[in-house]
Number of protein chains: 2
Amino acid sequence: MTRNDTIRVEVGNVPIGAGAPVSVQSMTTADTRDPRATAAQVNELAAAGCEIVRLAVPDQEAADALPAILAATEVPLVADIHFDYRLALAALEAGIHKLRINPGNIGSEVRVAELAAAAKSRGVPIRIGVNAGSLPKSLVDSYGRTSRAMVEAALWHIGLLEKAGFDQIVVSMKASDVARTVEAYTMLAERVRYPLHVGVTEAGPPPEGLVKSSVGIGIILGQGIGDTIRVSLTGDHVAEVSAGRQILEALGLRRFGPTIVSCPTCARRRADIVRIADEVRSRIAGVTAPITIAVMGCEVNGPGEAADADVGLACGNGCGLVFRHGRIVRKADTAHMVEALVEAVLEEAGSHQVD
Amino acid sequence: MTRNDTIRVEVGNVPIGAGAPVSVQSMTTADTRDPRATAAQVNELAAAGCEIVRLAVPDQEAADALPAILAATEVPLVADIHFDYRLALAALEAGIHKLRINPGNIGSEVRVAELAAAAKSRGVPIRIGVNAGSLPKSLVDSYGRTSRAMVEAALWHIGLLEKAGFDQIVVSMKASDVARTVEAYTMLAERVRYPLHVGVTEAGPPPEGLVKSSVGIGIILGQGIGDTIRVSLTGDHVAEVSAGRQILEALGLRRFGPTIVSCPTCARRRADIVRIADEVRSRIAGVTAPITIAVMGCEVNGPGEAADADVGLACGNGCGLVFRHGRIVRKADTAHMVEALVEAVLEEAGSHQVD
């Protein structure tokens, strides 16, 4: 899959765009004015694999908490600011790694120029976040809340920063429905070379929210568009990170550790595949090598798919065959087949570490 | 989104292809030889919204159970048969609505001709199910387990049925990775006009399996390809049906009842959105009208998005505003705002029933 050609920006030590790995973002829910709670949540998200964490900076007290949060965390942080450009300046002063602010919302050109100069001197990129729910009235009047209006809004905000000599820009285009979101990203990608932050907003709670985000982000990334993603789920933010990683893995854009494939439970099954897959998952929790492990309960497709994976188990009648790269390496009775598979997985992971 | 042009086949009373609504399928896990357990599961899937149910017919005893299962169920049924064409003939005799069998696996041309004639006389379509894990050896030798090999396998099976004068064909192309699955469907859709059954096989347990299926099926449907879908999850089959419906809804291809959109929980929230969304969901469980309900906790995007939905609640400070089609219809304090929203939803649903 060829990726859309974009420029590259740096968020702390994480690059976005120009072929950099598509990064996974999320956002804290703690009150930013509480630096201890916020830093704990940032670190929890980072431990789950979140590579860039956003936090809301709604007032001066929140901006004042940023130095303490930055001191207690390592992952790059993004300050989310709505209207008050002084909060953006304070966040820059504190050492924030990226701003999310729409220059069209902060007032005069003088203020935009001041903000752009301050961000530029610190090498801090700015994300413009266009949201179908909060478009400028004039664009809604002309185009409705359409993808066209979203693209026009993005171009307007971008133009304000470019006029101020600033080009370290990332853009997001979020709407609550997949069709409009896909259209908006597709149209914008044809117009600009700035890296794009992809997400479907107001996706709702899982599983619906998970399906909606996976479909929307998947279609956009599948077109080669998108440089960093956030899955928005109403609820658990660590689940957002897992889902983001899973989307990237499903598309073959990133590998984050072992992938377990198993066959759909069907009347053909020869073993309790769900239980076996869970047992394998928990027994290899420490393995970080990007290997594919097949757990198959079916004699029809099992051996073929298991041969295809790095390591596989095809469960037959009373016994299991363990494969590595298509070659049978172990045969065990049902009581010992999971152990045989785990041994083969550890051998495979070991060979990855040596590579 | 324009759909790929296909011919239409009928599975009982459910059409597939040629612009018919994309249907949702699943498969029983009960032993088909137990007609009572199997029929109960078929009816459970149908109640969850499954429109076509497949069941495995591995032997004569399973085929013998089909009349009892057909008598106790109403949703169209598909018999999944691997090698024994006599089981396919028995399933046709029993009144099955569709067969899943690969003509290349059943032996001589004479048998294919006999099967095709029997299916044709009863108006029963045949699904050819190509799986990357069980391709003919000659194709694997030539092309590996690639999308190319999958397409060649499909064309070979199709050719056998066409030679027997049979064209009521549906084709599936399943692989355990999204890239290969998408490639295979895209290539096949350019070659044939038969309706396509879309799924990603061996997707694994949720949430990974859900993400992988949503991404894969979403990308294929998003290209206008696909006429019926099955989400394969290792685990709960009713969850497969819900996920299938959610994928179709996310793409705007079907509407199955109210959709609740809510904003991602963020530090800007004004209310406990997860709780409110859950409460709304349970209080409108009986509503079947395809209306969009927004539950927004944020004063920045809330009013805009809520105005966009059929009915919406934007939670402010100590109170909530209820909208219908962008017009404020109610204002209530926090304790009564959900009730006010539910009233507006019921009014909206009532107006849909009158339409």
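Residues numbered from 1 in each chain as written. Chains lettered and ligands numbered in written order. Predicted model: local features only at pLDDT ≥ 70, side-chain atom pairs only at ≥ 80, totals over all residues. Heavy atoms only, no water.

A few words now on the sheet that holds strand β14 (residues 319–324) of chain A. All names here are of chain A. Pairing within the open sheet is mixed, and its five strands lie in the order β11-β12-β13-β14-β15. Here the strands that pair on one side only, and so sit at the sheet edges, are β11 (259–262) and β15 (327–333). Ignoring which end each strand starts from, the neighbouring axes of this sheet average 15 degrees apart. Relative to strand β12 (residues 292–296), β11 runs parallel, the two sharing four bridges. (Pairing = 2+ DSSP bridges. Helix = DSSP H or I, 4+ residues; strand = E, 2+ residues; numbered from the N terminus. Axes fitted to C-alpha atoms, helices over the stretch in contact; angles between N-to-C directions.)

Attention now moves to the sheet that holds strand β4 (residues 52–56) of chain B. All names here are of chain B. Here eight strands make up a closed barrel; going around it, the order is β3-β4-β5-β6-β7-β8-β9-β10 and the pairing parallel. For this sheet, the mean inter-axis angle between neighbouring strands, taken without regard to orientation, is 25 degrees. Note: β4 against strand β5 (residues 77–80), four bridges, orientation parallel. Bridge pairing in β5 places Arg-54 opposite Val-78. Taken strand by strand, helix α7 (residues 178–191) contacts β8 (169–174) and β9 (196–198), and its axis lies near 150 degrees from that of β8. (Contact = heavy atoms within 4.5 Å.)

Working note: a packed helix pair is described by the angle between its axes plus the distance between those axes. All names here are of chain A. At their nearest, the axes of helix α2 (residues 60–71) and helix α3 (residues 85–94) sit 9 Å apart, and the two run at 15 degrees to each other. By the angle between their directions, the pair α2 and α3 is classed as roughly parallel. Between α2 and α3 the crossing geometry is right-handed. Mapping the contact onto sequence places Gln-60, Ala-63, Leu-66, Pro-67 and Leu-70 in α2 and Leu-87, Ala-90, Ala-91 and Ala-94 in α3. (Parallel < 35°, antiparallel > 145°, perpendicular 65-115°, else oblique. Left-handed = near helix turned anticlockwise from the far one by under 90°.)

Another point: the environment of Leu-253 of chain A. Residue and element names in this part refer to chain A. Structurally, Leu-253 is set in the loop between α9 (237–250) and β11. With a relative accessible area of 22%, Leu-253 lands in the partly exposed category. In this structure the C-alpha to C-alpha distance between Leu-253 and Glu-279, which are 26 residues apart in sequence, comes to 27 Å. (Buried < 20%, exposed > 50% of the residue type's maximum accessible area, 1.4 Å probe, protein only.)

Domains assigned within chain A are domain 1 (9–250) and domain 2 (259–350). Placing a centre on the C-alpha atoms of domain 1 of chain A and another on those of domain 2 of chain A gives a separation of 40 Å. (Domains from an automatic or database assignment.)

What follows is about the confidence of the model for chain A. Overall, the predicted model of chain A reaches an average pLDDT of 89, with 92% of residues at or above 70. Interface confidence in the predicted complex, given as ipTM, is 0.82; pTM for the same model is 0.83. (pLDDT = per-residue confidence, 0-100.)

Now for unusual backbone geometry. Residue and element names in this part refer to chain A. Its identity is not glycine, yet Ala-18 carries a phi of approximately 55 degrees, on the positive side. In this structure, Ala-18 sits in the loop between β2 (14–16) and β3 (23–27). With a relative accessible area of 39%, Ala-18 lands in the partly exposed category.

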